[in-house]
Amino acid sequence: MRAFSGSPDDRGVREVRRLRDSLSPGEPYVHHLPDGSAVHYRVLGELETSGRHYAILQSFDDHPDEAGLFRIEQGVPMEIDDDNEWETVAEVVDEMLYFYDS
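Calculation notes
Residues numbered from 1 in each chain as written. Predicted model: local features only at pLDDT ≥ 70, side-chain atom pairs only at ≥ 80, totals over all residues. Heavy atoms only, no water. Helix = DSSP H or I, 4+ residues; strand = E, 2+ residues; numbered from the N terminus. Buried < 20%, exposed > 50% of the residue type's maximum accessible area, 1.4 Å probe, protein only. Contact = heavy atoms within 4.5 Å. Areas by Shrake-Rupley, 256 points an atom, 1.4 Å probe, with all protein chains shown as cover. Core = buried A, V, L, I, M, F, W, Y, C linked by side-chain atoms within 4.5 Å. Pairing = 2+ DSSP bridges.

Draft legend 1. Local environment of the overall build of the chain. Along the chain, the regular secondary structure elements total 2 helices and 6 strands. Secondary structure elements of the chain, listed N to C terminal, follow the sequence β-α-β-β-β-β-β-α. Sorting the 102 residues of the chain into buried and exposed places 36% on the buried side. Long-range pairs, those at least 24 residues apart, make up 43% of the contacts in the chain with a sequence separation of at least 6. For the chain, the accessible area works out to roughly 6,700 Å², and carbon and sulfur atoms hold 47% of it.

Structure follows, in structure tokens:
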């Protein structure tokens, strides 16, 4: 998956680099779980829409074609439980990837 880039669109969607800017090149984003274990992620892309920060993260254990979409709250990836929110953000990601791949 190619990272997207560009300027804000009509809906106020914009690329951000909050997680990526906090890491050295090639350094994984490490999410510490409540049980003390940790998950290492590649940050494939980040965006902000409706005042919320989202990231496309790929665990080092994931297949290269798999990635997860997370809402980032205070630097912590949160699963998106609301189906409408997930669908809206996934649609935005699809549009951005389609627009910047063409």
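After that view of the structure, there is still more to cover.
Draft legend 2. Quick peek at the nonpolar core. Leu 47, Tyr 54, Leu 69 and Val 93 are the most contacted members of the largest nonpolar core, which has 13 residues in total. For this core, the secondary-structure elements that each account for two or more residues are strand S3 (38-49), strand S4 (52-59) and helix H2 (83-101). The leading source of residues in this core is H2, at 6 residues. Each residue touching Leu 69, except ones within four places of it in the same chain, is listed here: Tyr 54, Ala 55, Ile 56, Ile 80, Trp 86, Val 89, Ala 90 and Val 93. Counting residues in hydrophobic clusters, the runner-up holds 9 residues, among them Leu 23, Ala 55, Leu 57 and Ile 72.

Draft legend 3. Local environment of the pairing of strand S2 (residues 29-32). The alternating pattern of S2 places Tyr 29 and His 31 on a buried face, while none of Val 30 and His 32, on the opposite face, is buried. Pairing analysis gives 4 bridges linking S2 to S3, with the strands arranged antiparallel. Among the inter-strand pairings, His 32 is bridged to a residue of S3, identified as Ala 38. The turn joining S2 and S3, which pair antiparallel and follow one another in sequence, is formed by 5 residues; a positive phi near 95° is taken by Gly 36.

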